[in-house]
Amino acid sequence: MIHVSIIGATGYTGVELVRLLGLRGDVVLDHLTSRTYAGQKIQHLFPHLLGNIDHTCEELDLEQVTTDSDVIFVALPHGHALPIAKKAKEKGKKVIDLGADFRLKDAAVYEEWYKVPHTEPELLEEAVYGLPEWDRDAIKDAAVIANPGCFVTSILLGLMPLMKKGWVVPNSIVCDSKSGTSGAGRAGNVANLFTEVESSFKAYGVAHHRHTPEIEQMLTQMAGTDTMIQFTPHLVPMSRGILSTIYATVTGGHTAAEIHALFEETYADEPFVQVLPAGMWPMTKSVKGTNNCQLGVTYDERTGRVIIVSVIDNLMKGAAGQAVQNMNLMFGLAEMTGLQMIGLFP
């Protein structure tokens, strides 16, 4: 049995972890923490759990959590995972951080973009980036996992085949992404009220979204050369889902058929990445509630650019689902354990 605790269990990502792990026969949920709802039953806060989950939320007792748990999921804003990971490491326990504290390998870059000091440089050095399609072998041996950002996941999976082959001009990349409102979290925010979002569509974080350096860091690793991108996220009036449309100039001589074949070859054995047939384009509804990423790709001979459309569920492959995928790898389990599901349609 794997003893699991979830820190921040009443946010959208935290409760999605509860849904994914709560019925597994190989998992025991030890501690579900919540500063706001300590002492309350999680199934009363989230009635979709009724009849399946019976657990009381509690205040974080870091000593007790790190003593009882084999793995701790941290579903908190940036800055909060640092002391938790430090204590867990001291006790030989594993941590999967769904925030940003261990994603950026340069502490100075983290501090520049997130405006808080990074107090655990040694842990930062050993933390493994948790994108299984990129380096699952490193994940298997990791003690601290940096679960990738949601936009980042959609973009990296869309570009990885081309970056590894050197088939695109690195600094030509433009990423235009759209996300549902759950990506902003569950905390109250006027900008996310129904009356602000409904029947509207807006860009935000233009030229300074915090996922930008994470995307550039990983694309640089994949390409083996410095890469800078243009990234603009948008908020759309739906609860969950991300669609990223990615454009890049192709290095000479590659056809649409060759590029599509490269994607099919790259992801042929990946359980959660589906390359759609040529001329077919993904939609967010197809991956809703799943850990899947669906990709469509073509080459525009007129402009010399590749066009990639990537869709994920931001709370699943973009957060909780990918975190569970990483947990499965860390504990030597089949990667798809607890994650085999068909999207909710319509």
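Please read all numbers here as calculations on a predicted model, not as lab measurements.

1. Regarding the domain arrangement of the protein chain
- Once the domains are mapped, the protein chain shows domain 1 (2–126) and domain 2 (151–314).
- Distance between the C-alpha centres of domain 1 and domain 2: 27 Å.
- In total, domain 1 and domain 2 occlude about 1200 Å² of area from one another, counting both sides; carbon and sulfur atoms represent 54% of this.
- Considering only the side of domain 1, the residues that lose the most area to domain 2 are Tyr12, Arg103 and Trp113, jointly responsible for 48% of the buried surface there.
- For the interface between domain 1 and domain 2, the tally reads 2 salt bridges.
- Among the salt bridges present, the one from arginine 103 reaches glutamate 214, with a minimum N-O distance of 3.5 Å.
- Where domain 1 packs against domain 2, one counts 6 residue pairs in polar contact (both at pLDDT 80 or more).
- Secondary-structure elements contributing two or more residues to the side of domain 1 that touches domain 2 are helix H1 (12–21) and helix H5 (107–114).
- Grouping the amino acids of the side of domain 1 that touches domain 2 by side-chain chemistry returns 7 nonpolar, 3 polar and 4 charged.

2. Brief notes about the pairing of strand E7 (residues 174–179)
- Looking at chain direction, E7 and strand E9 (residues 230–235) are connected through 6 bridges and run parallel. Opposite serine 179, over in E9, you have leucine 235 as the bridge partner.
- For E7 and strand E10 (residues 242–249), the ladder comprises 6 bridges, and the chain directions are antiparallel. Counted as the bridge partner of serine 177 is serine 244 from E10.

3. Concerning the sheet that holds strand E1 (residues 2–7)
- Overall, parallel pairing links the 6 strands, which are arranged E2-E1-E3-E4-E6-E5 in an open sheet. The two strands at the open ends of the sheet, each matched to only one other strand, are strand E2 (27–33) and strand E5 (128–129).
- Relative to strand E6 (residues 144–146), E5 runs parallel, the two sharing 2 bridges. The residue bridging valine 128 from the neighbouring strand is isoleucine 145, located in E6.
- Of the strands in this sheet, E1, strand E3 (71–74) and strand E4 (94–97) are in contact with helix H4 (residues 81–90), which crosses E3 at around 175°.

4. Comments concerning the pattern of salt bridges
- All chains considered together, the criterion is met by 15 salt bridges.
- Where glutamate 270 meets arginine 136, a salt bridge forms, and the shortest distance between an N and an O atom there is 2.8 Å. With glutamate 270 in the loop between helix H11 (256–266) and strand E11 (273–275) and arginine 136 in helix H7 (residues 132–140), this residue pair connects regions lying 134 residues apart in the sequence.
- What makes glutamate 270 buried here is its relative accessible area of 13%.

5. Examining the UniProt feature "domain: Semialdehyde dehydrogenase NAD-binding" (unreviewed entry) in the protein chain
- Mapped onto the present numbering, the UniProt feature "domain: Semialdehyde dehydrogenase NAD-binding" (unreviewed entry) falls on residues 3–142.
- Secondary structure within residues 3–142 divides into 39% helix and 16% strand; the distance between the first and last C-alpha atoms comes to 17 Å.

6. Comments concerning helix H12 (residues 320–330)
- The buried fraction of H12 amounts to 11 of the 11 residues, a majority that puts the element mostly inside the structure.
- Among the residues of H12, Ala320, Gly321, Gln322, Ala323, Val324, Gln325, Asn326, Met327, Asn328, Leu329 and Met330 are the ones counted as buried.
- Count one or two residues on from H12 and you reach glycine 332, which has phi positive near 70°.

7. Notes on the nonpolar core
- Leu162, Ile173, Leu219, Ile259, Val306 and Ile308 are the most contacted members of the largest nonpolar core, which totals 38 residues.
- Those elements giving two or more residues to this core turn out to be helix H8 (150–165), helix H10 (212–223), E10, H11, strand E12 (293–300) and strand E13 (305–312).
- Per-element accounting of this core gives the leading share, 10 residues, to H8.
- The contacts of leucine 162, once residues within four sequence positions are left out, are Trp167, Val168, Ile259, Leu262, Phe263, Val306 and Ile308.
- The next biggest cluster of nonpolar side chains, apart from the first, holds 36 residues, and it includes Leu49, Ile53, Val71 and Val324.

8. Some words on the packing of H8 against H11
- The geometry of H8 relative to H11 is characterised by a closest axis approach of 10 Å and an angle of 105° between their N-to-C directions. Judged by the angle between their axes, H8 and H11 are roughly perpendicular. Contact residues: Gly158, Met160, Pro161, Leu162 and Lys165 in H8; Ile259, Leu262, Phe263 and Thr266 in H11.

9. A short note on the side chain of serine 179
- Mapped onto the elements of the fold, serine 179 is located in strand E7.
- Residue classification places serine 179 among the buried residues on the basis of a relative accessible area of 2%.
- Every residue in contact with serine 179, bar those within four places of it in the chain, is listed here: Phe151, His234, Leu235, Val236, Met238, Gly241 and Ile242.

10. Looking at the packing of aromatic side chains
- Inspection of the entire model under this criterion finds 2 aromatic pairs.
- Where tyrosine 110 meets tyrosine 114, the ring centres are 5.3 Å apart and the plane angle is 25°; that geometry is what we call stacked. Of the two residues, tyrosine 110 and tyrosine 114 are both situated in helix H5; the distance of 4 residues between them amounts to about one turn of the helix. The burial state of tyrosine 110 is the same as that of tyrosine 114; both residues are buried.
- Plain terms: the ring middles of phenylalanine 151 and phenylalanine 231 are 5.5 Å apart, the flat faces sit at 65° to each other, and that makes the pair edge-to-face. Remark: phenylalanine 231 occurs in strand E9 and phenylalanine 151 occurs in helix H8; sequence separation between them is 80 residues. Phenylalanine 231 carries the same exposure label as phenylalanine 151, and that label is buried.
- Here the basic side chain of lysine 94 rests over the ring of phenylalanine 331, its NZ or CZ set 5.9 Å away from the ring centre.

How each quantity is defined
- Residues numbered from 1 in each chain as written.
- Predicted model: local features only at pLDDT ≥ 70, side-chain atom pairs only at ≥ 80, totals over all residues.
- Heavy atoms only, no water.
- Domains from an automatic or database assignment.
- Buried area = accessible area lost by both parts, 1.4 Å probe.
- Salt bridge = Lys/Arg side-chain N within 4 Å of Asp/Glu carboxyl O.
- Polar contact = N/O pair within 3.5 Å; in protein donor to acceptor, adjacent residues only side chain to side chain.
- Helix = DSSP H or I, 4+ residues; strand = E, 2+ residues; numbered from the N terminus.
- Nonpolar A, V, L, I, M, F, W, Y, C, P; charged D, E, K, R; others polar.
- Pairing = 2+ DSSP bridges.
- Contact = heavy atoms within 4.5 Å.
- Axes fitted to C-alpha atoms, helices over the stretch in contact; angles between N-to-C directions.
- Buried < 20%, exposed > 50% of the residue type's maximum accessible area, 1.4 Å probe, protein only.
- UniProt positions renumbered as here; feature names shortened; annotations may be inferred.
- Core = buried A, V, L, I, M, F, W, Y, C linked by side-chain atoms within 4.5 Å.
- Parallel < 35°, antiparallel > 145°, perpendicular 65-115°, else oblique.
- Phe/Tyr/Trp six-rings, centres within 6.5 Å; stacked < 30°, edge-to-face > 60°.
- Lys NZ or Arg CZ within 6 Å of the ring centre and 35° of its normal.

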